[in-house]
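Spelled out, the chains give:
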Amino acid sequence: MHLPLRLPHYSLVGVASVPLMSHWKAVVGLEVHAQITSTSKLFSGAGTEFGAPVNTNVSLFDAAIPGTLPVLNRRCVEAGVLTALALSCRVNPVSVFDRKHYFYADLPAGYQITQHRLPLAQEGELEFHVFIPDVHHKPYIKKSCIKQLQLEQDSGKLLHDEEACRSLVDLSRAGIPLMELVFEPDLEDGEEAAALVKELILILQCLGTCSCKMEEGALRVDANVSVHREGEPLGVRSEVKNIGSIRAVAHAVKYEIDRQVRTLESGGVVVNETRAWDTDSRQTVPMRDKEEKQDYRYMPEPNLPPLRVLLNGQHAIPDIKKDCVNVDCLRRKLPELPRETREKLINQYGISAESAVILVNENNLLKHFYGIMGEKKSRDPKLSTNILIMELLTILNKNKLSLETSPFSSYSLGEVVDLLQSKKVNLVTARKLLQEIVSGNPQSPSEMVEKYGWAQITDSSEIEDVCTAVIEQNPRLVEQFCAGKTKVFNSLVGKVAKITENRANMALVVKVLRDKLSKIQNS
Amino acid sequence: MNRLLKHNTTLIKFWCLQGNARLLNSKIPPIPVVKLTDENNLPPQTKINQETIELLERLSLVDFANKRGIERLEDAIKFADLIRGIDTSGVEPMISVLEDRTLYLRDDIVTEGNCRKEVMSNAAVTEEEYFVAPQGNIPLIPRDSLLNDNKSSKQK
């Protein structure tokens, strides 16, 4: 279920902005596991759809039945390479799979096949905007480096039955392909972490390599957090898991930073441990099962030869039966990335950077924008973005509707922009029109203006008449204004607005009223 | 049986001395090598202590904490140490014997799965289509002295 869309600025609760005491510095590094969108699993032919019945999407290899071998899925390699290219990583022509050993009920084989030593891609970077209105003065650009991108298997799902002291194991998720993105610890607070995850989600969704539905477990973020005093070496880090949404990333990291600072300031010691983010109590708690330091005994996977991809114009090696993945081919297929879209919006349409960020963050808004501007080039882009971001979203919010499920088209929105631009209606009427459109009124905006008589009153003689009438009908207010109470001016304006049913051109009304009142004052 | 073996060894020695190494793999040295390397070059023999035994048992879930088991482990380490005496400078480490082959890539279609009954048929305990496992990781109970000569005791 899609939650009602809210105005991006005002609903993001800026994390309680008590800044860290200046001599404390926090270091945050993220690890993101993104589930690759594919039909079958990484090393077996079982299906991957979400919510399948218990233990049905399980092949003999996933259940670690002896005598089975892994066979790599080409789509997963392509997805990994596409993502690596979009994140400016260096794709390794040869990469190797390793086994990571540990015992747990959701890992039937006792090891996970991953790429530890020679991953698919290394050394990339991700640039993103950080801006929360309550917290920052203006948006700034931050860059985080990516240490490596690797393909690995997911483990199954455990349901804990506390009373009977046992766990129930569902292996449908065992073997599902994941991309692990390891970022360098170059972030400094929770908001930067959340902004990074948001940009990453935009890119992955744009590429189509990951659905990024955190509630389905398709994207998991773990944060490594440590604090140290300025000038001193890095502190002990702790890992925070079980983060379920983008905002939770910011909250969890902020809480962990504060907790570590509090511990150190009261003379305690920060322990290298794994903690879980508890959404209800809004704090990180130690995770019980991962007590001891694990020794994973990495070893090369003996059943899989090295993975070779074609780079820099190489041709396929003749002795293999199926084609290798061609990186140059994939690079040409890269779609327009969010960063490029934002630049295009700013350069081509001249809208502000903040508006560009908001439009790109919300794909439906962007589609409407392109629809409005594409239909008539003469429409003012700044006005269009205002209508979309300021007005439309407010109205949707008020009506508790979502952008995706609403039935209107860019065509009607474009008409509203035209009417406003040509001053046929004023802003208040425009809001009324939008309300009608959102409620599903099938008439076009121009028809509604005709039918309900909402056209703007710009005729100066008409406005003069109304103003004169208001002044005559409210002698006491006029007296108060002349005596010096300038605030009553607003109530006079309000009375004009009421008589004209909010249809008058308010700028003109204000001017005419001021003129009349100053004439009375001076006489 | 012994006579057969002796006969074969004589034959092989004969062929070797004849220089007919074509008949055998080129990697077999023509003259038998008795010792791989000088024993004085090896690092000192690793001794296993209590802590290491506990750690290894926890990581591998293998019961070996008795005198016999530990001796065997130390011998295995000593055997593996022989490799340190060999000069490997300038030689690229080998990852697997398959390293000159390329990984075969499969098309992305569903070809397996939906065999729940088969997959669960080996499980001793199941509950409504779920496998059942004991909760979490049960910590191993620490024992007093593992270097005694007793038979291995049941732990799990």
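Cut-offs applied
Residues numbered from 1 in each chain as written. Chains lettered and ligands numbered in written order. Predicted model: local features only at pLDDT ≥ 70, side-chain atom pairs only at ≥ 80, totals over all residues. Heavy atoms only, no water. Helix = DSSP H or I, 4+ residues; strand = E, 2+ residues; numbered from the N terminus. Contact = heavy atoms within 4.5 Å. Areas by Shrake-Rupley, 256 points an atom, 1.4 Å probe, with all protein chains shown as cover. Rg over C-alpha atoms; globule rule 2.2 N^0.38 Å. Buried < 20%, exposed > 50% of the residue type's maximum accessible area, 1.4 Å probe, protein only. Lys, Arg positive; Asp, Glu negative; His and termini not counted. Charge placed at Lys NZ, Arg CZ, Asp CG, Glu CD. Expected span 1.5 Å × (residues − 1). Pairing = 2+ DSSP bridges. Salt bridge = Lys/Arg side-chain N within 4 Å of Asp/Glu carboxyl O. Axes fitted to C-alpha atoms, helices over the stretch in contact; angles between N-to-C directions. Arc of directions from axis to C-beta. Phe/Tyr/Trp six-rings, centres within 6.5 Å; stacked < 30°, edge-to-face > 60°. Lys NZ or Arg CZ within 6 Å of the ring centre and 35° of its normal. Buried area = accessible area lost by both parts, 1.4 Å probe. Polar contact = N/O pair within 3.5 Å; in protein donor to acceptor, adjacent residues only side chain to side chain. Nonpolar A, V, L, I, M, F, W, Y, C, P; charged D, E, K, R; others polar.

(A) Local environment of the overall build of chain B. Secondary structure summary: chain B contains four helices and three strands in total. For chain B, the N- to C-terminal ordering of α and β elements is α-α-α-β-α-β-β. Look at the contacts in chain B between residues 6 or more apart in sequence, and 61% of them connect residues 24 or more apart. Looking at chain B as shown, the accessible area adds up to about 13000 Å², and 56% of this sits on carbon and sulfur atoms.

(B) Up close: the overall build of chain A. Helices and strands together make up the secondary structure of chain A, namely 16 helices and 18 strands. By the compact-globule yardstick of 24 Å for 523 residues, chain A is too spread out, its C-alpha radius of gyration being 30 Å. Within the span of chain A, comprising 523 residues, buried residues form 50% of the whole. Once local pairs closer than 6 in sequence are excluded, the contacts in chain A between residues at least 24 apart make up 70%. Of the roughly 25300 Å² of accessible surface on chain A, 52% is carried by carbon and sulfur atoms. Where the 63 positive side-chain charges of chain A centre and where its 66 negative ones centre are 3 Å apart.

(C) Quick look at helix 11 (residues 427–438) of chain A. In this model, helix 11 of chain A (twelve residues) spans 16 Å end to end at C-alpha, consistent with the 16 Å of a helix rising 1.5 Å per residue. Among the residues making up helix 11 of chain A, those that are buried are Thr429, Ala430, Leu433, Leu434, Ile437 and Val438 of chain A.

(D) Main features of the pairing of strand 8 (residues 140–153) of chain A. Residues and elements named next belong to chain A. Of the strand pairs in this sheet, strand 7 (residues 121–130) and strand 8 are connected by nine bridges, and their pairing is antiparallel. Of the residues in strand 8, the one forming a bridge with Gln122 is Gln148. As judged from the seven bridges shared by strand 8 and strand 11 (residues 177–183), these two strands associate in the antiparallel manner. Residue Ile146 lies in a different strand from strand 11, and its bridge partner there is Phe183.

(E) Spatial organisation of the pattern of salt bridges. Residue and element names in this part refer to chain A. Tallied over the entire structure, the rule returns 24 salt bridges over all chains. Between Glu125 and Lys143 there is a salt bridge; the shortest N-O distance is 3.6 Å. Remark: Lys143 occurs in strand 8 and Glu125 occurs in strand 7; sequence separation between them is 18 residues. The exposure class assigned to Lys143 is partly exposed, which follows from its relative accessible area of 41%. Across the salt bridge formed by Lys142 and Glu192, the nearest N and O atoms sit 3.5 Å from each other.

(F) Structural detail: the sheet that holds strand 11 of chain A. Residues and elements named next belong to chain A. Across the sheet, nine strands lie side by side as 3-7-8-11-1-12-13-14-15; this open sheet has mixed pairing. Of all strands in the sheet, those bounded by a partner on one side alone are strand 3 (90–91) and strand 15 (283–286). In this sheet, strand 12 (residues 219–229) lies alongside strand 1 (residues 24–35) in antiparallel orientation, the contact comprising eleven bridges. Following the sheet pairing, Ala26 is matched in strand 12 by Val227. Where helix 3 (residues 190–207) meets the sheet, its contacts fall on strand 1, strand 7, strand 8, strand 11 and strand 12, and the angle it forms with strand 7 comes to roughly 110°. In the packing of helix 4 (residues 246–265) onto the sheet, the strands contacted are strand 1, strand 12, strand 13 (238–243), strand 14 (274–278) and strand 15, and the crossing angle to strand 12 comes to about 30°.

(G) Region of interest: helix 12 (residues 445–452) of chain A. Residues and elements named next belong to chain A. Residues Pro445, Met448 and Val449 constitute the buried set of helix 12. Viewed end-on, helix 12 has its buried residues packed into an arc of 100°, placing them on one side of the element. Opposite the buried face of helix 12, by more than 90 degrees, sit the exposed residues Glu450 and Lys451. Where helix 12 is buried, its residues meet helix 10 (410–421) and helix 11.

(H) Representation of the sheet that holds strand 2 (residues 126–127) of chain B in the model. The antiparallel open sheet is built from four strands, whose spatial order is 9(A)-10(A)-3(B)-2(B). Only two strands of the sheet have a single partner each, and these edge strands are strand 9 (157–161) of chain A together with strand 2 of chain B. Where strand 2 of chain B meets strand 3 (residues 130–134) of chain B, two bridges bridge the pair, whose relative direction is antiparallel. In the sheet register, Glu127 of chain B faces strand 3 of chain B, and the bridge partner there is Tyr130 of chain B.

(I) Looking closely at the packing of aromatic side chains. Residues and elements named next belong to chain A. Following the criterion strictly, the structure yields seven aromatic pairs over all chains and no others. Between the aromatic rings of Phe43 and Phe97, the centroid separation amounts to 5.5 Å while the plane-to-plane angle is 75°, which identifies the pairing as edge-to-face. Here Phe97 lies in the loop between strand 4 (94–95) and strand 5 (98–101) and Phe43 lies in the loop between strand 1 and strand 2 (72–73), a separation of 54 residues in the sequence. Put simply, the rings of Phe43, Phe61 and Phe97 touch in pairs and so form one group of aromatic residues. The lysine or arginine in question, Arg99, covers the ring of Tyr111, its NZ or CZ lying 4.0 Å from the ring centre. Stacked on the ring of Tyr296, the Lys or Arg Lys100 has its end atom at 4.4 Å from the ring centre.

(J) Fine view of the interface of chain B and chain A. At the junction of the two partners, chain B supplies 37 residues and chain A supplies 60 residues. It is Leu103, Leu105 and Arg106 of chain B in chain B that bury the most area against chain A; as a group they hold 17% of the surface buried on that side. If you look at where chain B meets chain A, you find two salt bridges. With a shortest N-O distance of 3.0 Å, Asp107 of chain B and Arg74 of chain A are connected by a salt bridge. Seen at the junction of chain B and chain A, the total is 18 residue pairs in polar contact (both at pLDDT 80 or more). Elements supplying a minimum of two residues to the side of chain B that touches chain A: helix 2 (50–60), strand 1 (105–106), helix 4 (116–120) and strand 3 of chain B. When residues of the side of chain B that touches chain A are assigned to their parent elements, the largest contribution, five residues, is made by strand 3 of chain B. Residue classes in the side of chain B that touches chain A are distributed as 17 nonpolar, nine polar and eleven charged. Two elements, strand 2 of chain A and strand 1 of chain B, share two bridges in a ladder whose sense is parallel.

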